[in-house]
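Coordinate inspection notes
What follows is each chain in one-letter form.
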Amino acid sequence: LSKKVQAIYLWWHKPVIDRELLQSLPNLKVIANSGAGMDHLDLKLVASFHVKMANAPRAVSSSTADAGMALLLASARRLVEVHHIAISSNMDYCEADILGVKVSGATLGIIGMGRIGYKIALRAKAFEMKILYHNRTRRKAQEEQAVGATYCEKIDSLLQQADFVMVVVSLTPQTHNLIGKRELELMKPTAALINISRGAVVDQEALVMALQTGVIGAAALDVTYPEPLPRLDHPLLKLKNVIITPHLGIKTDKTTYMITEEAVENILAALNGLPMPSEVLPS
């Protein structure tokens, strides 16, 4: 059937797109991805076979933004910790043991103000948060004003001011270990890091050390490196000030359906020689 295949729809990075597969499909025209991130693909390799690529940013942005805010709130109010207290056989605790961080009026720093980052800003505005953001390109003035966001040209300024730092960037060679030891030490000792991008954007060893030594207050991670973490005794899994979820950003019933719709829309456009709504070009 190899000569009949004209399109591939990737779900959770499967099938693996390598040179051998591309060589085996001479009539392949398009690859559609079930999500926004494209770091699992060698974009230049795919393009060298004259195959178009598309992702699904419209379908995933709202659900991913929801997940980011859920992690922020869960971390701020220590929901996992207090859940275990509430269901324990001896629910004996001091009020000081369960004090959380007030979200309303706190400062949120968003690193990566693309489609998802902007939707997070919209949600944060509803929580009366002060919003800072760092991005490769500055948003238009009216977009900043709509969410009350202030642009930080340097990431350092954002890290020093934010009570919560939300990482929402694509994984590229430039963003690999974007948040490392130096960046963590710039953050407030009470601050929380929320990562909903890719695990490799954060230096995990540096993060573990920062959490263990009080350099930062907490972390909430929807992504790790690798996924899942390789062993149950991984240091991140032992820390009370860490929440980890299994990359659930897009995992809702409606979003799954919308992703497939967006992928099909891109595939049909490519096969019919029409512009693809979500085409991704190699950088």
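Small disclaimer: the values here were computed from a predicted structure and weren't measured. (Residues numbered from 1 in each chain as written. Predicted model: local features only at pLDDT ≥ 70, side-chain atom pairs only at ≥ 80, totals over all residues. Heavy atoms only, no water.)

Here we come to the domain arrangement of the chain. The domain boundaries assigned to the chain delineate domain 1 (2-58 + 251-280) and domain 2 (61-244). Averaged C-alpha coordinates put domain 1 and domain 2 at centres separated by 30 Å. Counting from both sides, the interface comprises 7 residues of domain 1 and, opposite them, 6 residues of domain 2. In total, domain 1 and domain 2 occlude about 580 Å² of area from one another, counting both sides; carbon and sulfur atoms represent 40% of this. It is D39, P57 and R58 that lose the most area in domain 1 upon contact with domain 2, and together they represent 62% of the buried surface on that side. Across the domain 1-domain 2 interface, the total number found is 1 salt bridge. Counting the contacts that link domain 1 with domain 2 gives 5 residue pairs in polar contact (both at pLDDT 80 or more). For the side of domain 1 that touches domain 2, the residue count by class is 2 nonpolar, 3 polar and 2 charged. (Domains from an automatic or database assignment. Contact = heavy atoms within 4.5 Å. Buried area = accessible area lost by both parts, 1.4 Å probe. Salt bridge = Lys/Arg side-chain N within 4 Å of Asp/Glu carboxyl O. Polar contact = N/O pair within 3.5 Å; in protein donor to acceptor, adjacent residues only side chain to side chain. Nonpolar A, V, L, I, M, F, W, Y, C, P; charged D, E, K, R; others polar.)

Right, let's talk about the UniProt feature "domain: D-isomer specific 2-hydroxyacid dehydrogenase NAD-binding" (unreviewed entry) in the chain for a bit. Residues annotated by UniProt as "domain: D-isomer specific 2-hydroxyacid dehydrogenase NAD-binding" (unreviewed entry) correspond here to residues 69-249. Between the end C-alpha atoms of residues 69-249 there is a gap of 11 Å, over a span that is 33% helix and 15% strand. (UniProt positions renumbered as here; feature names shortened; annotations may be inferred. Helix = DSSP H or I, 4+ residues; strand = E, 2+ residues; numbered from the N terminus.)

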